[in-house]
Amino acid sequence: MEKEINQGIEKNLENEKDLNIEKEQNKFLESTIGKVINTGIDIGLRAILPDLIENQVIDVKNALIENGLKEGINQIIKSAIDMGKSAIGIFTGKFDNISQVETAVKKGGIIDSTSNLIDIVVNAAQKNNMLNNNTANIIKQGKNIVLDNVEKNIESIMTEQIKSIENINTYSASWKNYYEQKNFNGMEKEYAKIEKELKQIIPLENTIKQARLIENLHNIIKNRGENFQLSEQELELAKLLA
């Protein structure tokens, strides 16, 4: 009976961890892709409205925001994440690797949805007399420039994510080498690099687990005055908390 209870507790903890990772992943993607779409729209508007000064372009962007652009972008991203996961058969709710993230984002229909959103908010702003007919028509006719910027920026973000994951793996391997050599200065340098990369990547379970194990071992050794003589209990605890 006790064994069954413990297994149940472990299962609940695992489910809670999965749920937290899923929430953090969605939060990261909503924030990151939201910024990418916004930046793409800003750059695109400047390109297709060259006769307007900066303040006028800002006014155009504000008109689109007041007619639902911000809310529309948020909904696009949430829908794209869900559609992308379904398209590649992710039923656990969380991404396991960066390749899944990249494929899901591509299959989520972000560009098509952004195209539709631009038409909707421009029409609304035009109807509400917040955009004149000429500006509205220019935006709708030139929206492919906006969409190209959005697409390129998303591809750039995915490339950066892949590179960051590769960097973490490289730094982790270097940290382990220094650990085996009992070279704490070398460990410190690699640990700092790992921490920096972790701040800018989407949370992935394997990456987080590897980083937490390194963090736990690193801090134990550091707190013990750079003493590498760890007990079996300390090693097991470091793994358990990862």
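Residues numbered from 1 in each chain as written. Predicted model: local features only at pLDDT ≥ 70, side-chain atom pairs only at ≥ 80, totals over all residues. Heavy atoms only, no water.

A closer look at the packing of helix α5 (residues 110–127) against helix α6 (residues 133–141)
Two numbers describe how α5 lies on α6: the axes approach to 10 Å, and their chain directions differ by 175°. Here α6 runs roughly antiparallel to α5, going by the angle between their axes. Residues Ile-118, Asp-119, Val-122, Asn-123 and Gln-126 of α5 lie in contact with α6, whose contacting residues are Asn-133, Ala-136, Ile-139 and Lys-140. Looking at the contact of α5 with α6 residue by residue, the classes come out as 4 nonpolar, 3 polar and 2 charged. (Axes fitted to C-alpha atoms, helices over the stretch in contact; angles between N-to-C directions. Helix = DSSP H or I, 4+ residues; strand = E, 2+ residues; numbered from the N terminus. Parallel < 35°, antiparallel > 145°, perpendicular 65-115°, else oblique. Contact = heavy atoms within 4.5 Å. Nonpolar A, V, L, I, M, F, W, Y, C, P; charged D, E, K, R; others polar.)

Examining the side chain of Glu-205
On the secondary structure map, Glu-205 appears in helix α9 (residues 205–223). Reaching out from Glu-205, the side chain makes a polar contact with the side chain of Lys-94 at a distance of 3.0 Å. (Polar contact = N/O pair within 3.5 Å; in protein donor to acceptor, adjacent residues only side chain to side chain.)

Overview of the nonpolar core
By size, the foremost hydrophobic cluster in this structure holds 45 residues, and its most contacted members are Leu-45 and Ile-139. Elements represented by at least two residues in this core include exactly α1 (2–48), α2 (54–66), α3 (69–87), α4 (98–107), α5, α6 and α7 (143–180). Excluding residues within four positions of it along the chain, Leu-45 makes contact with Val-57, Val-60, Lys-61, Leu-64, Ile-139 and Val-146. One finds Trp-175, Met-187, Ile-220 and Phe-228 within the second-largest nonpolar core, a separate group that totals 13 residues. (Core = buried A, V, L, I, M, F, W, Y, C linked by side-chain atoms within 4.5 Å. Buried < 20%, exposed > 50% of the residue type's maximum accessible area, 1.4 Å probe, protein only.)

Structural notes on the pattern of salt bridges
Counting across every chain of the model gives 7 salt bridges. In this structure, the salt-bridge partner of Asp-42 is Lys-61, at a minimum N-O distance of 2.7 Å. With Asp-42 in helix α1 and Lys-61 in helix α2, this residue pair connects regions lying 19 residues apart in the sequence. By relative accessible area, which is 25% here, Asp-42 ends up partly exposed. Among the salt bridges present, the one from Arg-46 reaches Glu-54, with a minimum N-O distance of 2.9 Å. Residue class for Arg-46 comes out partly exposed when judged on its relative accessible area of 40%. Taking the relative accessible area as the measure of exposure, Glu-54 reaches 38% and is therefore partly exposed. (Salt bridge = Lys/Arg side-chain N within 4 Å of Asp/Glu carboxyl O.)

Overview of the side chain of His-218
By secondary structure assignment, the location of His-218 is in helix α9. Those residues in contact with His-218 that sit more than four places away from it in its chain are Trp-175, Phe-184, Met-187, Glu-188 and Tyr-191.

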